[in-house]
Amino acid sequence: MRAVWVGALVFFVFSQVLEKTLHIIVLQGKTEPHGLLAYPLLFAVYGALAAGIFEEAGRYFGFRLLLKHNRKRRDGIAYGLAHGGFEAIFIAGISSIQTLVYAVMINTDKLEQSLGGKTSPDVLADIKSKLLNASFYDFLLGGLERIPALFIQIALSLIVLYAVRTKKKMVLVYAILFHALIDFTPALYQAYPGKISLWFVEIHLLLIGISAFWLIRRSRKWQIWSVDNH
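Residues numbered from 1 in each chain as written. Predicted model: local features only at pLDDT ≥ 70, side-chain atom pairs only at ≥ 80, totals over all residues. Heavy atoms only, no water.

**Some words on the packing of helix 3 (residues 73-107) against helix 7 (residues 146-166)**
- In the contact formed by helix 3 and helix 7, the axes pass within 8 Å of each other and the chain directions differ by 140 degrees. The pairing of helix 3 with helix 7 is recorded here as oblique in orientation. In the crossing of helix 3 with helix 7, the sense of the turn from one axis to the other is right-handed.
- For the contact of helix 3 with helix 7, the per-class residue count stands at 10 nonpolar, 7 polar and 3 charged. (Axes fitted to C-alpha atoms, helices over the stretch in contact; angles between N-to-C directions. Helix = DSSP H or I, 4+ residues; strand = E, 2+ residues; numbered from the N terminus. Parallel < 35°, antiparallel > 145°, perpendicular 65-115°, else oblique. Left-handed = near helix turned anticlockwise from the far one by under 90°. Nonpolar A, V, L, I, M, F, W, Y, C, P; charged D, E, K, R; others polar.)

**Thoughts on helix 1 (residues 2-27)**
- For helix 1, spanning 26 residues, the distance from its first C-alpha to its last is 35 Å, which sits close to the expected 38 Å at 1.5 Å a residue.
- Listed as buried for helix 1 are Ala3, Val6, Gly7, Ala8, Val10, Phe11, Phe14, Ser15, Glu19, His23 and Leu27.
- Where helix 1 is buried, its residues contact helix 2 (40-66) and helix 3. (Expected span 1.5 Å × (residues − 1). Buried < 20%, exposed > 50% of the residue type's maximum accessible area, 1.4 Å probe, protein only. Contact = heavy atoms within 4.5 Å.)

**What to know about the pattern of salt bridges**
- Across all of its chains, the model carries 3 salt bridges by this definition.
- One salt bridge connects Arg59 with Glu56, and the closest N-O pair in it is separated by 2.8 Å. Note that Arg59 and Glu56 are positioned in helix 2 at a spacing of 3 residues, about one turn of the helix. The exposure classification of Arg59 matches that of Glu56, with both residues buried.
- Residues Arg146 and Glu145 are paired through a salt bridge, measuring 3.5 Å at the closest nitrogen-oxygen approach.
- Ionic contacts of the salt-bridge type, sharing partners, join the residues Glu87, Glu145 and Arg146 into one network. (Salt bridge = Lys/Arg side-chain N within 4 Å of Asp/Glu carboxyl O.)

**A short note on a nonpolar patch on the surface**
- A contiguous nonpolar surface patch, about 700 Å² in accessible area, is contributed by Leu41, Val45, Leu49, Ile53, Met170, Val173, Tyr174 and Leu177.
- Those elements giving two or more residues to the nonpolar patch turn out to be helix 2 and helix 8 (169-191).
- The topology assignment puts Val173 in helix 8.
- Since its relative accessible area comes to 33%, Val173 is described here as partly exposed. (Patch = residues over 30% accessible without salt bridge, like charges linked within 9 Å, V, L, I, M, F, W, Y side chains within 5 Å. Areas by Shrake-Rupley, 256 points an atom, 1.4 Å probe, with all protein chains shown as cover.)

**Considering unusual backbone geometry**
- Phi angles above zero are rare outside glycine, and Lys167 is one such case at about 60 degrees.
- Within the secondary structure, Lys167 sits in the loop between helix 7 and helix 8.

**Concerning the packing of helix 2 against helix 3**
- Between helix 2 and helix 3, the shortest axis-to-axis distance is 12 Å and the interhelical angle comes to 140 degrees. As far as their axial angle goes, helix 3 and helix 2 are oblique. Crossing angle aside, the handedness with which helix 2 passes helix 3 is right-handed. Counted together, Glu55, Gly58, Arg59 and Phe63 of helix 2 and Asp75, Gly76, Tyr79, His83 and Glu87 of helix 3 form the full contact between these two elements.
- For the contact of helix 2 with helix 3, the per-class residue count stands at 2 nonpolar, 3 polar and 4 charged.

**Remarks on the side chain of Ser15**
- With respect to the helices and strands, Ser15 occurs in helix 1.
- Reaching out from Ser15, the side chain makes a polar contact with the side chain of Gln16 at a distance of 3.2 Å. (Polar contact = N/O pair within 3.5 Å; in protein donor to acceptor, adjacent residues only side chain to side chain.)

**Overview of the packing of aromatic side chains**
- Applying the stated criterion across every chain yields a total of 5 aromatic pairs.
- Relative to Tyr79, the ring of Phe63 has its centre 4.7 Å away and its plane inclined at 35 degrees; by these criteria the two rings are tilted. Here the residue Phe63 occupies a position in helix 2, and Tyr79 occupies one in helix 3, the gap between them amounting to 16 residues. Across the pair, Tyr79 and Phe63 agree in class, each one buried.
- Ring centres of Tyr162 and Trp222 lie 5.6 Å apart, and the angle between their planes is 70 degrees; on these two criteria the pair is classed as edge-to-face. On the criterion of sequence distance, the pair formed by Tyr162 in helix 7 and Trp222 in the segment after helix 9 (198-218) is long-range, its members being 60 residues apart.
- Trp222 gets classed as partly exposed once you look at its relative accessible area, which sits at 24%. (Phe/Tyr/Trp six-rings, centres within 6.5 Å; stacked < 30°, edge-to-face > 60°.)

**With respect to the environment of Gly85**
- Within the fold, Gly85 resides in helix 3.
- In this structure, the C-alpha to C-alpha distance between Gly85 and Ile147, residues 62 residues apart in sequence, is 9.9 Å.

Read these as spatial facts, not as claims about activity.
Encoded structure:
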């Protein structure tokens, strides 16, 4: 349970506080394209690398300093479950609530009244169009994608734990780059709305999730678990 609580805490601090703070500084919340927002490919690279750096650095910090006596394989799995579980709550849960609120606003003709002074007309039109034209499968995919994502978070936790136990910091770099590679396709989907199929993104995530599941099973044979490095 210590690994679970540390995983949840580190995810919140490094991903939802520190990483989001960087996004606010870099992107500045402006509605008109500027800086990175004016270059979709560069924006996708930035977003993917930022996620990789903050989340994997957080994992390393958690295992290195907060879990000095909890570095068994089961601790890595517990940490990954907490990281992926809280990610699902923040991404799927909060997004679902926001979608429900927007849907109620549209049905009561209060969307423009509530957000008109805070959001540009183009953004409002985009929100309304996406909700009115969304199919059942769009919402179903949002929930199903959390399953391979959870396997990916567990696999990344085991990789970073391997880096901590073996003191091979280069493995941490590999984890950061692997994480960035995973997030690059969804980042491209956001950077080029309407130009990249959502199915392509979901299949990409599914294939990596299957690979992550294979790595989790294979990790039982890693010899590092039999070495006491405390």
